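# Chain and residue survey
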Amino acid sequence: MEWALTFAAFVIGGVFGYVGHTLLAKNNRHKNNNEQLEQTQLELSQYKQEVSDHFDDHYKQLAELTAQLNRVNQQWNASASLFTSPVTDKQLPELGVHNTEKNDEKTESIEEQKLAPA
């Protein structure tokens, strides 16, 4: 009868060991998944910031280019009226900058520059 109790204890210990191991492994996987998720979210937010900065830089460069082209067009129009007859009054148009919610202040300053006499 002693061997039956030993065998039963061995089986019960094996079952408890298996259940305990399964629960611990599940918690470790869950912890690792959470760490990977946090790392991925951090990388994604950094990438979003880099993309946002990239587009902001391009917007600034395009706004500067537009302002420079408008100055060249104004100079062209002024000199063209001096060197051509008054009958041909073709002038180059001024370029506009599209408004965005984020860049309203920048476009307002560019528009003020366009409206100011040179």
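About the cut-offs
- Residues numbered from 1 in each chain as written.
- Predicted model: local features only at pLDDT ≥ 70, side-chain atom pairs only at ≥ 80, totals over all residues.
- Heavy atoms only, no water.
- Helix = DSSP H or I, 4+ residues; strand = E, 2+ residues; numbered from the N terminus.
- Buried < 20%, exposed > 50% of the residue type's maximum accessible area, 1.4 Å probe, protein only.
- Contact = heavy atoms within 4.5 Å.
- Areas by Shrake-Rupley, 256 points an atom, 1.4 Å probe, with all protein chains shown as cover.
- Patch = residues over 30% accessible without salt bridge, like charges linked within 9 Å, V, L, I, M, F, W, Y side chains within 5 Å.
- Salt bridge = Lys/Arg side-chain N within 4 Å of Asp/Glu carboxyl O.
- Expected span 1.5 Å × (residues − 1).

### Section: the overall build of the protein chain
The number of helices and strands found in the protein chain is two helices and zero strands. Taken across its 118 residues, the protein chain has 11% of its residues classed as buried. Long-range pairs, those at least 24 residues apart, make up 54% of the contacts in the protein chain with a sequence separation of at least 6. Looking at the protein chain as shown, the accessible area adds up to about 10,600 Å², and 61% of this sits on carbon and sulfur atoms.

### Structural notes on a nonpolar patch on the surface
On the surface, a cluster of nonpolar side chains totalling about 950 Å² of accessible area is made up of Trp3, Phe7, Phe10, Val11, Val15, Tyr18, Val19 and Leu23. A relative accessible area of 52% means that Phe7 is categorised as exposed.

### Re helix H1 (residues 2-83)
Its 82 residues give H1 an end-to-end C-alpha distance of 120 Å, which sits within 8% of 122 Å, the value for a rise of 1.5 Å per residue. Restricting attention to buried positions, one finds in H1 the residues Asp56, Tyr59, Ala63, Thr66, Ala67, Asn70, Asn73, Asn77 and Ala80.

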